[in-house]
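Geometric and topological summary
Listed below, chain by chain, are the residues.
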Protein chains: 2
Amino acid sequence: MKVKLVISYDGTDYSGWQVQPNKNTIQGQLESAIFSLTGEKVRVTGSGRTDAGVHAERQVACFNVKTESIPAEKYYLALNTILPPDVKVIESSLIEEDFHPVKCAKKKTYVYSFYLSNVELPLKERYAVKISQDLNLSEMQAAARLIEGEHDFKAFCSSGSSVLTTVREIYSVKIEKVENDLKIYVTGNGFLYNMVRIICGTLLKIGEGKLDKNVILEMFKNLKRERGGRTLPAKALKLLNVEYR
Amino acid sequence: MKVKLVISYDGTDYSGWQVQPNKNTIQGQLESAIFSLTGEKVRVTGSGRTDAGVHAERQVACFNVKTESIPAEKYYLALNTILPPDVKVIESSLIEEDFHPVKCAKKKTYVYSFYLSNVELPLKERYAVKISQDLNLSEMQAAARLIEGEHDFKAFCSSGSSVLTTVREIYSVKIEKVENDLKIYVTGNGFLYNMVRIICGTLLKIGEGKLDKNVILEMFKNLKRERGGRTLPAKALKLLNVEYR
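Chains are numbered independently. Their residues run from 1 in the order of the written sequence. Here every chain gets a letter starting at A, and every ligand a number starting at 1, in the order they are written. With the structure being a predicted model, the display of local features is reserved for residues of pLDDT at least 70 and the display and counting of side-chain atom pairs for 80 or more, all residues being used for whole-chain, interface and lining totals. For side-chain calculations, the full set of non-hydrogen atoms in the structure is used, while hydrogens and water are omitted.

**Describing the overall build of chain A**
To be explicit about the condition: Note on conventions: DSSP H or I runs of at least 4 residues are helices, E runs of at least 2 residues are strands, and numbering of each starts at the N terminus. Radius of gyration here is computed from C-alpha atoms only, and the compact-globule reference equals 2.2 Å multiplied by the residue count raised to the power 0.38. Three labels apply to residues, based on accessible area from a 1.4 Å probe with only protein chains included: buried if under 20% of the type maximum, exposed if over 50%, partly exposed otherwise in between.
A count of helical and extended segments in chain A gives five helices and 10 strands. Here the C-alpha atoms of chain A give a radius of gyration of 19 Å, agreeing with the 18 Å that 2.2 N^0.38 yields for 245 residues. Overall, the C-alpha framework of chain A stretches about 60 × 40 × 30 Å when taken along its three principal axes. Each of the 245 residues in chain A was classed as buried or not, and the buried ones make up 53%.

**Considering the state of the cysteines**
All names here are of chain A. Formally: By convention in this document, the label disulfide applies to cysteine sulfur atom pairs within 2.5 Å.
Per the stated rule, a full pass over the model turns up zero disulfides over all chains. Cys104 supplies the cysteine sulfur nearest to Cys62, a cysteine that is in no disulfide, at a spacing of 8.8 Å. Residue classification places Cys62 among the buried positions, given a relative accessible area of 4%.

**Some details on the nonpolar core**
Note the threshold: Here, nonpolar core means buried Ala, Val, Leu, Ile, Met, Phe, Trp, Tyr and Cys residues that are tied together by side-chain atoms lying within 4.5 Å of each other. Contacts are assigned to residue pairs that have any heavy atoms within 4.5 Å of one another.
In this structure, Ile7(B), Leu30(B), Phe63(B), Phe114(B), Phe153(B), Phe156(B) and Ile184(B) are the most contacted members of the largest nonpolar core, which totals 82 residues. Those residues within four positions of Phe153(B) in sequence are excluded, and the remaining contacts are Ile147(B), Thr166(B), Arg168(B), Ile170(B), Leu192(B), Met195(B), Ile199(B) and Phe220(B). If you look at the next biggest cluster of nonpolar residues, it comprises 81 residues, including Leu30(A), Cys62(A), Ala72(A) and Leu182(A).

**Regarding the packing of aromatic side chains**
The test is simple: Side-chain rings of Phe, Tyr and Trp (the six-membered ring for Trp) are treated as a pair once their centres are within 6.5 Å; stacked means planes under 30 degrees apart, edge-to-face means over 60, and tilted covers the remaining angles. Charges are assigned to positions over rings by a cutoff of 6 Å between ring centre and Lys NZ or Arg CZ, combined with an angular limit of 35 degrees from the ring normal.
Summed over all chains, the structure comprises 16 aromatic pairs over all chains. With 6.3 Å between their ring centres and 35° between their planes, Tyr9(A) and Trp17(A) make a pair best called tilted. The pair formed by Tyr9(A) and Trp17(A) is uniform in burial state, with each residue classed as buried. Pairing Phe153(B) with Phe156(B) gives two aromatic rings, centres 5.7 Å apart and planes at 65°, and the pair type is edge-to-face. In this pair, the class of Phe153(B) matches that of Phe156(B), namely buried. Members of the aromatic cluster, joined through ring pairs, are Phe153(A), Phe156(A) and Phe220(A). Taking NZ or CZ as reference, Lys41(A) lies 5.8 Å from the ring centre of Phe35(A), over its face.

**Examining the interface of chain B and chain A**
The condition that has to hold: By buried area we mean the combined loss of accessible area, with a 1.4 Å probe, across both parts when two parts are placed together. Salt bridge, as used here: a side-chain nitrogen of Lys or Arg that lies within 4 Å of a carboxyl oxygen of Asp or Glu. Here a polar contact means two N or O atoms within 3.5 Å. Within protein one must be a hydrogen donor candidate and the other an acceptor candidate, and residues neighboring in sequence count only if both atoms are side-chain atoms. Note that Gly is not counted as nonpolar here; it falls among the polar residues with everything else outside the nonpolar set of Ala, Val, Leu, Ile, Met, Phe, Trp, Tyr, Cys and Pro and the charged set of Asp, Glu, Lys and Arg.
The partner chain A presents 23 residues to the 23 residues of chain B that form the contact. When the two sides are added together, the surface that chain B and chain A hide from each other amounts to roughly 1,600 Å², 69% of it contributed by carbon and sulfur. Looking at the side of chain B facing chain A, the largest losses of area belong to Val119(B), Pro122(B) and Leu123(B), adding up to 40% of the total buried there. Here chain B and chain A share zero salt bridges between them. The tally of links between chain B and chain A comes to zero residue pairs in polar contact (both at pLDDT 80 or more). Listing elements by their share of the side of chain B that touches chain A, those giving two or more residues are strand 1 (2-9), strand 3 (55-64), helix 2 (75-80) and strand 4 (87-94) of chain B. Tallied by class, residues from the side of chain B that touches chain A come to 12 nonpolar, four polar and seven charged.

**As for the side chain of Asn194(B)**
Looking at the secondary structure, you find Asn194(B) in the loop between strand 9 (181-188) and helix 4 (195-207). For Asn194(B), the residues in contact, after removing those within four places along its chain, are Asp51(B), Phe156(B), Ser158(B) and Thr231(B).

**What about the pattern of salt bridges?**
In the structure shown here, the tally under the stated rule is 22 salt bridges over all chains. Taking the shortest distance from any N to any O, the salt bridge between Arg145(B) and Glu148(B) comes out at 3.0 Å.

**Looking at the relation of the copies chain B and chain A**
Cut-off, in case you're wondering: When the copies are superposed, the least-squares fit draws on C-alpha atoms of residues that have pLDDT of at least 70 in both.
In the superposition of chain B on chain A (RMSD 0.0 Å, axial shift 0.0 Å), the rotation amounts to 180°. These values place the two chain copies in the arrangement generated by a two-fold rotation axis. The position closest to the rotation axis in chain B is occupied by the C-alpha of Arg126(B), lying 5.0 Å away. When the interface residues of chain B are mapped onto chain A, 100% of them again lie at the interface, so the same face is used by both copies.

**Quick look at empty space enclosed by the protein**
Residue and element names in this part refer to chain B. Our working rule: Two kinds of site are reported from a 1 Å grid over the protein atoms alone, namely cavities, where a 1.4 Å probe fits but cannot get out, and pockets, open sets with protein on both sides within 12 Å along at least five of seven lines, and residues are called lining when an atom falls within 4 Å of a point. Grid points are joined across faces, edges and corners, and a volume is the space filled by probe spheres set on the points.
Taken as a whole and assessed by the stated rule, the structure comprises one cavity of 30 Å³ or more. The calculated volume of the largest cavity comes to roughly 30 Å³. For the largest cavity, the full set of lining residues is Leu116, Ile131, Gln133, Asp134, Leu135, Lys177, Asn180 and Leu182. Considering only residue class, the lining of the largest cavity consists of four nonpolar, two polar and two charged.

**Topic: the environment of Asn22(B)**
Inspection of the secondary structure assignment puts Asn22(B) in the loop between strand 1 and helix 1 (26-38). The spatial distance from the C-alpha of Asn22(B) to the C-alpha of Ser32(B) is 13 Å, given a sequence separation of 10 residues.

**Notes on the domain arrangement of chain A**
Residue and element names in this part refer to chain A. The cut-off we apply is this: For the domain bounds, the source is a domain assignment made automatically or taken from a database.
Parsing chain A into structural domains produces domain 1 (2-94) and domain 2 (106-244). With centres defined by C-alpha atoms, the gap from domain 1 to domain 2 works out at 27 Å. Taken together, the contact pairs 16 residues of domain 1 with 16 residues of domain 2. Summed over both sides, the interface of domain 1 with domain 2 buries roughly 1,300 Å², with 50% coming from carbon and sulfur. Among the residues domain 1 hides against domain 2, the three largest losses belong to Asp51, His55 and Glu57. Together they make up 36% of the total. Here domain 1 is connected to domain 2 by three salt bridges. Between Lys238 and Glu57 there is a salt bridge, and its shortest N-O distance comes to 2.9 Å. Across the contact surface, domain 1 and domain 2 share 10 residue pairs in polar contact (both at pLDDT 80 or more). Counted by class, the side of domain 1 that touches domain 2 contains four nonpolar, seven polar and five charged residues.

**A few points about unusual backbone geometry**
Among all residues except glycine, the phi angle is most often negative; among peptide bonds, the trans geometry is most common. Non-glycine residue Asn22(A) carries a positive phi angle of around 60°. Taking the relative accessible area as the measure of exposure, Asn22(A) reaches 84% and is therefore exposed. Look at Leu223(B): it is not a glycine, yet its phi comes out positive at around 60°. Relative to the helices and strands, Leu223(B) resides in the loop between helix 5 (215-222) and strand 10 (237-244).

Here is the structure:
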């Protein structure tokens, strides 16, 4: 049977989603927990990789298993008895054999978190990045509008990934400010390597007045990474959810 | 000169505020940072102790120092270059010699955080306690009203502290629910050992329907700890601020 999982994790102490030799990974934790339960070596397929240090509120994954002694909808309880405190399965269910967590994904939402302060705040630092000056929100919002739509995001990705195309569609970029907390929500049909962290780094520079919002259009045109903002730290990035057809 | 500090810390990895031999404490970190800066062994006096694992958004403390090469209002910058990431000074200022962080405190506010979920959520667990059932908020609110006022809180404190009197005044107990997050804010003129965690443990049991709200009146009358709820975990407790005359 094929089991679909919704997984939440604090990525701080992990080398990201994907299994790598001698590294502590989310996929590795799930596969070893399933092995402890069933004795089966399965491959857990995620909706996408998250990088080292990135968190997830609702990552989606699935696996095939022969053992049917545990009903699919009870798998989350069984897995949680084995998984460490920073990785938990919040839902499990039986899913059709042709379900594929990457191919069937309709959209994904990430959120990037900042806080405004002149001093690093210990209670914010785990999941957010400090900004020292008030940002120009209307400029950032105007830049966010430019990012929305289907574009070649080659200038918004780090080298090191091999993909067939760097064209992606971004459905929305929302900027939300509540008191001293600023969050950027990015929803799209798919994301390139470091893409959200580069989008947010570029929006940050625009908000600080260090880049003009039209740099976005330039980057779509000349496809050059150098013009954009830096790749922001992983710790403030969270995969919020993945929606399916 | 006398320097007043406002300090923020993530108490997860600390044995609480107060210096103890061979333990990592907040007071110890501050005193050793001041020693590194000035070569002076000073005593940092806090507005009160926080227990092992308890956090603070704005703890207040002060110390006397002979070195005047660092202006009082710049101390926070100098200290932050030495302090670890989980303890930071957010403000520093020159204060009158007769200022005493305990005696001059008018009120203190603590907040205790819960989240409602059937599964432990890795991104909430660091600073909140999971509750599995929806709570009866109106019963909790009615119980909160009974706690407000001047009472003998002997039944709401753990043994192990020696105090002259167990009478304290609680100015307000506020319960706030936003989506699946529930917070209890407790403001008072002073708190006994574990008092907020026992008040919140008792309110929790009332919200779960396992205790009647009148248990509060009974505890004020017979002064017996046994009737109340349990002492809740430290990790979800945060000293929010201390107000002065």
